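Structural features, examined
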Amino acid sequence: MSIMRGDTTVLTRALGRTPYYVVAGGLAVIFLFPLVWNAWASVSGQPGTAQESGHGLGNYRTLLDYDAGLWRYLLNSTVVSALTVALTLGVSLLGGYAFARFDFPGKNLLFLLTLAILMVPYATLLIPLYVLLGRLHLQNSLVGLSLVLAMFQLPFATFMMRISFEAVPRELEESALVDGCGTAGALRRVLLPAVRPGLITVGLFAFLAAWNDFIAPLILISDSEKAPLPLAVANLRQQSMGAVDYGATEAGVVVLAVPCLLLFLLLQRHYVRGFMSGALKG
Amino acid sequence: MQVKAADRTAPTHRSPPERRTRSRRRTPARRWTSRKAQGLAYAAPTAVFVTVFFVLPLLLVGQMSLSDWPLLAGDRGVNAPKNYTDAADSTLFWPAVRFTLLYTVIVTVVLLALALLLALLVQEFRPGAGFFRTVYFLPSALGLASASLLFWGLYSPTTGPLSSILESLGLVDDPVSFLGTSTSALLSTVFLIVWKFAGFYMLILLVGLQRIPHEVFEAARMDGASRGQIFRSITLPLLRPSLALCLLLCVTGSLLAFDQFFILTKGGPDNSTVTVVQLIYREAFQRLDLGTAAALSIIVLAVLLLLNALQFRGLRRADES
């Protein structure tokens, strides 16, 4: 801690003298450079790739034809992401409602157990999950993978939905109940619109996690036909007799990154709410 | 005005007034019970998920760590404590522990220092600060595997641009082998991780900075405090909870490092960059010994719980002071 304090003080003093835009701009170049370079390299000519010279989409064509084909992997990734998002939203919506508005036996224990998922390393759970999914006949299945990914999302999602429900005035729900809605009706008609921002945040985090996850499919999916895109692109590198196809990998990174960057830019506000909520503290 | 759980399955088009009279007739005790039942029903999916995919695997990994459990043959009965002694006797165990710790220390120091600098930069009210914030955060929107694949190309001795850039700047004379030696592989991976996560931690610190009331800074400025004094005596102490959260996340994340080394270095050169989680993966899926992998998993879990407990205690003490 004391080392860090010293370093940053020196930095701030230096900052006082250096023009703001030189430091901030220089850092911006460093942060953007790898992204820009990768996008550019993916359409540029390189020996040993499908795009030998000039500029074009040769590397993307390699990707389309690789093994089961880009569309297959995109479909796998889309299925896993959609299922994970749907499961996370469904479970945390109901769970958040229960934790925020109801008293039931075991409530605190269940909430603590859900948060405890954060304390247990990913790898510790994946080894037994590999065996367990086998027993449930969900080994090597996109559904099994989605269930596992949704479970890892639950601590953040449940916490986020609980505080979203707690922020809704009780009167709103009570008037719905007086008007003859059951709690399910109140949830659907009155509370759902009120907690929508929380749901968007939870969905966004779940999507980014599921789309990008690497170690869970690496362990749980053994059939290359069923690999999600990150795994497929990583496997692609070992293709063609030791010769490494950098171009196709760069194209793969672009296909992987574009949805994440777009979603983030579109939903930045909702992403930042995840940080503001304190939900990251668990 | 609660409706009994069973009512939800009853014909739904009863008119509201009739419903109200019905529920008014119910005793408070019964209403409370039905409320309890409904809470349980809404919490049921969470309970099922947590039990099946968290509690059961946790128990199972404990059992596996005490059993002879080859990947293909399955459970062959108790052999405790052989898996644990095997894990610790593995030639890679202590080097992996040492390497993971070294990596964690370097990443944490560099990452948090840079994240703090970035947060201070984008916190200023200047034109363009919002743009810089977005730019610094962009890499965090990427997946770790995608970022690792990106840097694998970036560091490539044949197509990577970095060597020629450094050469043209006159910083190096010969092409740099970014992943060729154990030190360069470690530093190159640290650079990737700092690039990927600095914006994420910047955002946490920024939220912390914005929670500090403006008046505090203004009062200090009125009293003639310098920028350095304000930073040392106000910003840092008040930012402590956010810094502690960053520390916790960063240490935990780094101790469990896998993707970046699996993709960038594959543990090489000469197994010099094998992390503990990579060791678990190797035991399980290359040496096909799930029992030893489970024992390693339990060791990692124990270390992490201990560390979290220590950090929580430290946090609480910080809150009290």
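Residues numbered from 1 in each chain as written. Chains lettered and ligands numbered in written order. Predicted model: local features only at pLDDT ≥ 70, side-chain atom pairs only at ≥ 80, totals over all residues.

A few points about the overall build of chain A
Counting its regular elements, chain A contains 14 helices and 0 strands. Along chain A, from the amino end to the carboxyl end, the secondary structure elements read α-α-α-α-α-α-α-α-α-α-α-α-α-α. Relative to its 282 residues, chain A shows a buried fraction of 46%. Restricting the contact set of chain A to residue pairs at least 6 apart, pairs at least 24 apart contribute 75%. (Helix = DSSP H or I, 4+ residues; strand = E, 2+ residues; numbered from the N terminus. Buried ≥ 20, exposed ≤ 12 C-beta atoms within 10 Å, placed from the backbone. Contact = placed C-beta atoms within 7 Å.)

Here we look at the overall build of chain B
Helix and strand counts for chain B come out as 14 helices and 0 strands. Overall, chain B shows an N-to-C arrangement of helices and strands of α-α-α-α-α-α-α-α-α-α-α-α-α-α. Expressed as a percentage of its 321 residues, the buried residues of chain B come to 39%. Here the contacts in chain B between residues at least 6 apart in sequence split such that 70% fall between residues at least 24 apart.

Description of the domain arrangement of chain A
All names here are of chain A. We note that the domain assignment places domain 1 (2-42) and domain 2 (62-281) within chain A. Contacts between the two partners involve 4 residues from domain 1, matched on the other side by 5 residues from domain 2. Looking at side-chain class alone, the side of domain 1 that touches domain 2 contains 2 nonpolar, 2 polar and no charged residues. (Domains from an automatic or database assignment. Nonpolar A, V, L, I, M, F, W, Y, C, P; charged D, E, K, R; others polar.)

Considerations on unusual backbone geometry
Although it is not a glycine, His-137 of chain A adopts a positive phi angle of roughly 60 degrees. With respect to the helices and strands, His-137 of chain A occurs in the loop between helix 6 (122-135) and helix 7 (142-166). According to the C-beta neighbour criterion, His-137 of chain A is exposed, with 9 such atoms within 10 Å. Of note, the phi angle at Lys-266 of chain B is positive, near 50 degrees, even though the residue is not glycine. The residue Lys-266 of chain B is located in the loop between helix 12 (259-264) and helix 13 (276-285) in this model. C-beta crowding within 10 Å serves as the criterion here: with 14 such atoms nearby, Lys-266 of chain B is assigned to the partly exposed category.

Focus on the confidence of the model for chain A
Residues and elements named next belong to chain A. In the predicted model, chain A carries a mean pLDDT of 87, and the fraction of residues at 70 or more is 90%. Here helix 1 (residues 2-17) stands out as the least confident element of chain A, with mean pLDDT 53; helix 4 (residues 70-101) is the most confident, with 96. Every residue in residues 1-6 is under pLDDT 50, and counting partners more than four places away or in other chains gives 5 contacts. (pLDDT = per-residue confidence, 0-100.)

Focus: the interface of chain B and chain A
On the chain A side, the residues contacting the 81 residues of chain B number 82 residues. Broken down by element, the side of chain B that touches chain A gets its largest block of residues, 21 residues, from helix 2 (residues 28-65) of chain B. Looking at the side of chain B that touches chain A residue by residue, the class counts come to 60 nonpolar, 11 polar and 10 charged.

A short note on the confidence of the model for chain B
Do not read the fine detail of predicted coordinates wherever pLDDT is low. Residues and elements named next belong to chain B. In the predicted model, chain B carries a mean pLDDT of 85, and the fraction of residues at 70 or more is 88%. Long-range and interchain partners of residues 1-24, a stretch whose pLDDT sits below 50, account for 23 contacts in this model, where long-range means more than four residues apart. On the interface metric, ipTM, the complex scores 0.87, and its pTM is 0.86.

Points about the nonpolar core
Grouped together as the largest cluster of nonpolar side chains are 163 residues, with contacts concentrated most on Ala-115, Tyr-201 and Met-202 of chain B. Ignoring sequence-local partners within four residues, the contact set of Met-202 of chain B consists of Ala-115, Leu-118, Ala-119, Val-122, Tyr-136 and Phe-137 of chain B. (Core = buried A, V, L, I, M, F, W, Y, C linked by C-beta atoms within 7 Å.)

Examining the packing of helix 12 (residues 229-236) of chain A against helix 13 (residues 246-266) of chain A
Residue and element names in this part refer to chain A. Running from N to C, helix 12 and helix 13 point in directions that differ by 170 degrees, and their axes come no closer than 9 Å. Our classification of the angle between helix 12 and helix 13 gives roughly antiparallel. Along its contact with helix 12, which presents Leu-229, Pro-230, Val-233 and Leu-236, the element helix 13 presents Ala-248, Thr-249, Gly-252, Val-255 and Leu-256. Here the residues of the contact of helix 12 with helix 13 sort into 7 nonpolar, 2 polar and no charged. (Axes fitted to C-alpha atoms, helices over the stretch in contact; angles between N-to-C directions. Parallel < 35°, antiparallel > 145°, perpendicular 65-115°, else oblique.)

So, helix 6 of chain A
Residue and element names in this part refer to chain A. In this model, helix 6 (14 residues) spans 20 Å end to end at C-alpha, consistent with the 20 Å of a helix rising 1.5 Å per residue. Maximal helix bending in helix 6 amounts to about 30 degrees, located at Leu-129. Taken across its 14 residues, helix 6 has 11 buried, putting it largely inside the fold. Among the residues of helix 6, those classed as buried are Ala-123, Thr-124, Leu-125, Leu-126, Ile-127, Pro-128, Leu-129, Tyr-130, Val-131, Leu-132 and Leu-133. Phi for His-137, located one or two positions after helix 6, is positive at around 60 degrees. (Expected span 1.5 Å × (residues − 1). Bend = angle between axes of the 7 residues up to and from the residue.)

Notes on the environment of Asp-173 of chain B
Residues and elements named next belong to chain B. Positionally, Asp-173 belongs in the loop between helix 7 (162-168) and helix 8 (182-211). Asp-173 gets classed as exposed once you count the C-beta atoms within 10 Å, which come to 8. The sequence separation of Asp-173 and Leu-150 amounts to 23 residues, and the corresponding C-alpha distance is 25 Å.

Re the environment of Ala-116 of chain A
Within the secondary structure layout, Ala-116 of chain A lies in helix 5 (residues 107-116). Put simply, Ala-116 of chain A and Pro-155 of chain A are 39 residues apart on the chain and 7.6 Å apart in space, counted from C-alpha to C-alpha.

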